[in-house]
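Results of the structural survey
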Amino acid sequence: MALTPATTFLPKHNQPPPFHHLRSSPTTINCTSSPPTITTTTTNNNNGHSIPSPLPFSAKYVPFNSDTDESYSLDEIIYRSSSGGLLDVQHDITSLKQFDGKYWRSLFDSRVGRNAWPYGSGVWSKKEWVLPEIDNDDIVSCFEGNSNLFWAERFGKQNLDGMNDLWVKHCGISHTGSFKDLGMTVLVSQVNRLRKMNKPLVGVGCASTGDTSAALSAYCAAAGIPSIVFLPANKISLAQLVQPIANGAFVLSLDTDFDGCMKLIREITSELPIYLANSLNSLRLEGQKTAAIEILQQFNWEVPDWVIIPGGNLGNIYAFYKGFKMCQELGLVDRIPRLVCAQSANANPLYLHYKSGWKNFTPVKATTTFASAIQIGDPVSIDRAVYALSNSDGIVEEATEEELMDAMAVADSTGMFICPHTGVALVALMKLRERGVIGKTDRTVVVSTAHGLKFTQAKIDYHSKAIEGMESRFANSPVEVTAEYGAVMDVLKKFLTKVS
């Protein structure tokens, strides 16, 4: 069996071999007690001695998937190219390639578990690949990332014909309980930098189905930056609503869906000095891509066969692709995994586009789904998602409401406590296993995007069989019994007989 990831605590498995020793000459790395310095050496002085000089790592905005020479500084406030297309953050790969894959693996591994600012963060431990030019003093971080890669052995054994090499990347074990923290630390840090540069920015705004607003409000609160949130009224959970309120955001509850909120925030940010924080802004994807790099680290830089990701606005599927692709391009690994994007059948524009052979994308009117964060019918990052899937031999699957809720309940019964969106991803996995697309021994990672505690009402409704039209086959309702010894003994004996 393959080695267990270094950060997964499973004593019956061997741990991976120690990290590679850091490369010595011509590189210096110091990252244990103070912010690391990375220098190259030259020998061009009169005495022939080596002179350290800083590495010229940099990044810029360029039009997504375009051959044009158009580019913009990351210090510009811009969200679209001149043609109206998406932008992407492009790193100076030539500079990064001055160092080989062994160097980057060693550098990233050496920062895990450290508290030197800001490199203990799972995002900022990859700072050179994220925002290389930002000053450490401008970074706004809650030491996000470094999330658990859970060995879902029991789920695989019971539900996937003994599939053993199955893992769940719990990105929801984070500061605000979702993967959105990974991107928001980057975006708010850059806004913090821009405000210090006296750029005309009063605050940061977003449209949200819940998790984005929670992350935005928390990181803005940490930085002392006003946040503005557009939410669709009565379409998010109470746990998601309370987060931006508690963090002091200015919350507007609008009588529309997410797509309507998104349309309004784009119009508002084009007129007012409010920075747009939705995934139309490619800065967030720079943070989210680090989850892909983390997965490789946790497998001791071995590449899984499959990574399955829930998809709504579709920035995250591209972010994972970008993280894996950078690792391949810079020599840390020799291939990338196949990607699967999982959608709710009630909000499935990418799935329909995939089934048509990527012909003539048509937005849909998303209807209510328990996977509320992906209830999006007109995703901003559709082009990014198609690119990522096309270049990773990817697949798109969907899950009905009953399928995703059943999958969530079954996963919870094996020790997890997942969100409905992770249920969508697990359904995709089960369907692909049933068809033989994903093999029994394939190393597979399911990305869990949010903490299950954000969706307690959905779980309560399922287990109490209160969802109209849903059988709730795996419901586990409390047994009402009289507080009397004999009555309690009777029900306990029946239970023990059943489970023995």
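All residue numbers refer to position in the chain's written sequence, counted from 1. Where totals are concerned, whole chains, interfaces and linings use all residues; where local detail is concerned, this predicted model gives features only for residues with pLDDT of at least 70, and gives and counts side-chain atom pairs only at 80 or more. Working from all heavy atoms in the structure, the side-chain values ignore hydrogens and water.

What follows concerns the packing of aromatic side chains. Each pair of aromatic rings taken from Phe, Tyr and Trp, with Trp reduced to its six-membered ring, is defined by centres within 6.5 Å and is described as stacked if the planes are under 30 degrees apart, edge-to-face if over 60, and tilted in the remaining cases. Applying the stated criterion across every chain, the model contains 18 aromatic pairs. Between the aromatic rings of W104 and F108, the centroid separation amounts to 5.8 Å while the plane-to-plane angle is 35 degrees, which identifies the pairing as tilted. Highlighted residues: W104 and F108, both in helix α2 (residues 101–111), separated by four residues, approximately one helical turn. Between the aromatic rings of F320 and F324, the centroid separation amounts to 6.4 Å while the plane-to-plane angle is 50 degrees, which identifies the pairing as tilted. Within this pair, F320 and its partner F324 are both found in helix α11 (residues 315–329), separated by four residues, close to a single helical turn. In this structure, K459 is placed above the aromatic ring of F417, and the distance from its NZ or CZ to the ring centre is 4.3 Å. Elements are defined by DSSP. Helices are runs of H or I of four residues or more, strands are runs of E of two residues or more, and each kind is numbered from the N terminus. A ring has a charge above it when a Lys NZ or an Arg CZ is no more than 6 Å from the ring centre and no more than 35 degrees off the ring normal.

So, about the side chain of E401. Locating E401 in the fold gives a position in helix α14 (residues 401–412). Accessible area is worked out with a 1.4 Å probe on protein chains only. A residue is then buried under 20% of its type maximum, exposed over 50%, and partly exposed in between. Charge convention: Lys and Arg are scored as positive, Asp and Glu as negative, and His as well as the terminal groups of each chain are ignored. A carboxyl oxygen of Asp or Glu within 4 Å of a side-chain nitrogen of Lys or Arg is what we treat as a salt bridge. Here E401 sits buried without a salt bridge, and the closest side chain of opposite charge, K431, lies 11 Å off (N-O distance).

Before going further, it helps to examine the sheet that holds strand β14 (residues 395–399). If you walk across this open sheet you meet the six strands as β6-β7-β15-β12-β13-β14, and the pairing is mixed. With partners counted over all chains shown, the strands left at the sheet margins are β6 (149–151) and β14, one partner each. When strand polarity is set aside, the average angle formed by the axes of neighbouring strands in this sheet is 25 degrees. A pair of strands counts as paired when DSSP detects no fewer than two bridges linking them. As defined by bridge partners, β6 adjoins strand β7 (residues 166–170) across three bridges and the pair is classed as antiparallel. Across the sheet, residue W151 finds its bridge partner in β7, namely W167. Whether two residues touch is decided by their heavy atoms; if any such pair falls within 4.5 Å, the residues are in contact. Lines fitted to the C-alpha atoms define the axes, with helices restricted to the stretch that makes contact. Angles between their N-to-C directions range from 0 to 180 degrees. Strand contacts of helix α15 (residues 420–434): β7, β12 (306–310), β13 (338–344), β14 and β15 (444–448), with the helix running at about 115 degrees to β14, the strand carrying the most contacts.

Glancing now at the sheet that holds strand β3 (residues 59–63). Across the sheet, which stays open at both edges, the three strands sit in the order β4-β3-β5 with antiparallel pairing between neighbours. This sheet does not close on itself; its edge strands, each paired only once, are β4 (72–73) and β5 (87–91). Across two bridges, β3 lies against β4 in antiparallel orientation. Within the sheet, the bridge partner assigned to K60 lies in β4 and is S73.

Another aspect to go through is the pairing of strand β10 (residues 250–254). Both strand β9 (residues 227–232) and β10 contribute to a ladder of five bridges, which runs parallel. Bridge pairing in β10 places I228 opposite F250. Read from β9 through helix α7 (residues 238–246) to β10, the crossover connection turns out right-handed. Seen with its strands pointing away from the viewer, a crossover is right-handed if its path from the first strand over the helix to the second goes clockwise.

These results come straight from atomic positions and should not be treated as a statement about function.
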